[in-house]
Amino acid sequence: MDFQLKTLTVAQAAAEKSDVLIVLAGSAPIASKDPLSVLAASARKAGDLPDKAGKLLSLYRPEDVVAPRVVLAAIGDGKPASVRTGVVAAVNAAKAQAPKRVTLVFAQPADGAAVACAVTAAAEASYVYTTTKSKAEPRSIRQLTVGVADAAAVAGAFDDARATVRGIELAKEWGNRPANHATPTLLGEAAKELAKLPNIKCEVLGPKEVERLGMGSFAAVAQGSAEPLRFIVLRYQGASKEQAPVVLVGKGITFDTGGVSLKPAAEMDEMKFDMCGAASVLGTFRALGDIQPAINVVGLIPSCENMNDGRAVKPGDVVTSMSGQTIEVLNTDAEGRLILCDALTYARRFEPAAVIDIATLTGACVIALGGVRSGLFASDDTLAAALEAAGEASQDRCWRMPLDDDYAEGLKSNFADVANIAGRAGGAITAAKFLQRFTSDFPWAHLDIAGTAWKSGAAKGSTGRPVGLLVSYLTSRAGSGEASGKAKPRKARATEATGKKARSAK
Ligand code: BES
Ligand code: MN
Ligand code: ZN
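Residues numbered from 1 in each chain as written. Chains lettered and ligands numbered in written order. Predicted model: local features only at pLDDT ≥ 70, side-chain atom pairs only at ≥ 80, totals over all residues. Heavy atoms only, no water.

Let us now look at the coordination of the zinc ion (ligand 3). Only K251 (NZ), D256 (OD), D274 (OD) and E335 (OE) from the protein reach the zinc ion (ligand 3) as donors, at distances of 2.0 to 2.4 Å. Along the chain, the residues donating to the zinc ion (ligand 3) fall in the pattern K-x4-D-x17-D-x60-E. The metal-metal distance between the zinc ion (ligand 3) and the manganese ion (ligand 2) is 3.2 Å, with D256 coordinating both. One end of the pair, D256, is in strand 10 (residues 252-256); the other, D274, is in the loop between strand 10 and helix 9 (276-291), with 18 residues separating them in the sequence. For D256, a relative accessible area of 3% corresponds to the buried category. The class for D274 is buried, based on a relative accessible area of 1%. (Donors = N, O, S within 2.8 Å, 3.2 Å for Na, K, Ca; no water. Helix = DSSP H or I, 4+ residues; strand = E, 2+ residues; numbered from the N terminus. Buried < 20%, exposed > 50% of the residue type's maximum accessible area, 1.4 Å probe, protein only.)

As a further point, take the environment of V20. Relative to the helices and strands, V20 resides in strand 2 (residues 20-25). Residue classification places V20 among the buried positions, given a relative accessible area of 1%. With 442 residues separating them in the primary sequence, V20 and S462 have C-alpha atoms 27 Å apart. With residues near it in sequence (within four places) discarded, V20 still touches A67, R69, V71, A94, P99, R101, V102 and T103. (Contact = heavy atoms within 4.5 Å.)

Near ligand 1, the surroundings consist of 16 residues, among which K263, D274, D333, E335 and G363 are the closest. At a separation of 2.8 Å, an oxygen atom of ligand 1 approaches a polar side-chain atom of E335. Between an oxygen atom of ligand 1 and a main-chain N or O atom of G363, the distance comes to 2.7 Å. If ligand 1 stood free it would expose 510 Å²; the protein chains cover 77% of that surface. (Near = heavy atom within 4 Å. Polar contact = N/O pair within 3.5 Å; in protein donor to acceptor, adjacent residues only side chain to side chain. Areas by Shrake-Rupley, 256 points an atom, 1.4 Å probe, with all protein chains shown as cover.)

Once that is clear, we can look at the domain arrangement of the protein chain. Under the domain assignment, the protein chain is made up of domain 1 (2-150) and domain 2 (171-496). If you look at the interface, domain 1 gives nine residues, while domain 2 gives nine residues. Summed over the three residues of domain 1 that lose the most area to domain 2, namely Y127, Y129 and T132, the buried surface amounts to 50% of that side. Taken together, domain 1 and domain 2 are joined by zero salt bridges. Residue assignment for the side of domain 1 that touches domain 2 shows that the elements contributing at least two residues are helix 3 (80-95) and helix 4 (112-126). Broken down by element, the side of domain 1 that touches domain 2 gets its largest block of residues, three residues, from helix 3. (Domains from an automatic or database assignment. Buried area = accessible area lost by both parts, 1.4 Å probe. Salt bridge = Lys/Arg side-chain N within 4 Å of Asp/Glu carboxyl O.)

Burial of nonpolar side chains together is a common tendency in soluble globular proteins. Core analysis: the largest hydrophobic core is formed by 58 residues, its most contacted members being L234, L248, L282, F285, I356, L447 and Y473. Here this core takes nine residues from helix 9, the largest share from any one element. With 49 residues, the next largest nonpolar core counts V221, I339, L369 and I429 among its residues. (Core = buried A, V, L, I, M, F, W, Y, C linked by side-chain atoms within 4.5 Å.)

Let's shift gears to the packing of aromatic side chains. The final tally for this structure, using the stated rule, is five aromatic pairs. Between F218 and F231 the ring centres are 6.3 Å apart and the planes differ by 55°, which places this aromatic pair in the tilted class. Pair noted here: F218 is in helix 8 (residues 216-222) and F231 is in strand 8 (residues 230-237), with a separation of 13 residues, a long-range link. Accessibility expressed as a relative area gives 0% for F231, which makes it buried. Between the aromatic rings of F231 and Y346, the centroid separation amounts to 4.9 Å while the plane-to-plane angle is 75°, which identifies the pairing as edge-to-face. Here F231, found in strand 8, pairs with Y346, found in helix 10 (residues 336-347); they are 115 residues apart in sequence, far enough to count as distant. Taking the ring centre of Y127 as reference, the NZ or CZ of K172 above it sits at 4.5 Å. Over the face of the ring belonging to W174 we find R177, whose NZ or CZ atom lies 4.1 Å from the ring centre. (Phe/Tyr/Trp six-rings, centres within 6.5 Å; stacked < 30°, edge-to-face > 60°. Lys NZ or Arg CZ within 6 Å of the ring centre and 35° of its normal.)

See below:
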């Protein structure tokens, strides 16, 4: 899908050639005197277009409009959440006729955040997965034109949103692929593909290298599978080498059977989504490649299957992690933390400004927060606040959870330094406490996306979360200058103020 931003009034949008015209109407009175605005104003007055985000009124061939179909969509207060609701509803309604060209115009002034949410919402509502269907019907919309009162004022936000959509859709693609089409090897190849983008490099390690690094915990999870593990190292360099990077660590279990501590059969297919943390790192790098913000980012993806087999790790086995800490594997289904702990130890070598891991880690987090907010755990308040703010800005929200040391009590082991599970109580928190043991050298945050990374039921599929949150966090970090290690020459600072390096021509 191709996105375009234009300066358009409602009257000008009515003259645009498209299959559907969506008019986003906020609470403010619709004052323009063009025929469509007058129509919308009278519908509002008559109560046919209630001022509640997501309410719609569909029109067929109204006078003086080139598009045969028009959808008037209420966006309430015009804030990001309301724009999102309105645009999702309107695009869902418009989808029935398989439009190729859609124009979406704001009837009132819109800021960058509103425009960004319109772009991501339109993409979300029209996304279709096709890869493993023999007669796939791809998304019908080829071109989406967004019309606003002043395109220049929101161009930066629009460009970033378009890049974010590319990232979200890459994350959805890999999340949705069945495990036999998304092996650790294939994830490694997808990461290498990203290294074709400017300022991105990628290295993929295999079982031998991982063993040499002493990642005994990660290797133990992989040993029950016929698929060889991969450890993916992505680097985006948008700032000087001296600047400390943000490290993103994504859980890349391409299928989680539970291992010897086997999961029940019902809905086990959904454990193909257990690499959505990894997919979100790939998606974030896809977006970074487009946006080119002035920061450094490292992406680490430990990836393997968690299978049951003659060689598989058994309950009670003690493994030695890269940090030197020994771990008693009391439950082989708590494998995410076993692969993440070694990646967190590896992260140290980058002397990171912050490390954020992203993982479909616990069923307990689904119980705690459902599918609305991701669980956020952080050892650093500034980092936590920045991630919470990024979640709000991108409408990809999270909720901070506690990390009191008392929660670590249950992780004690009689046979190793730590056990990989505690009791059932507070399961999302005890998992985070396990990870925290491997993060003493840097500010650290953990996003448990078990509830938010995919949807179950009729709408089963990856959501691409939390790419929106991560891209928003990283770009605002670049913009705030907090990422800059040392004073830079004037010229360099001037470009940094916008948070962008000179963009390559598109
Ligand atoms: N990948 C799962 C977590 C998960 C479960 C995500 C259900 C989404 C839905 C993880 O590897 C796991 O199995 N965790 C266990 C931990 C337990 C054994 C302490 C869980 O949550 O049941
Ligand atoms: Mn598991
Ligand atoms: Zn898992």
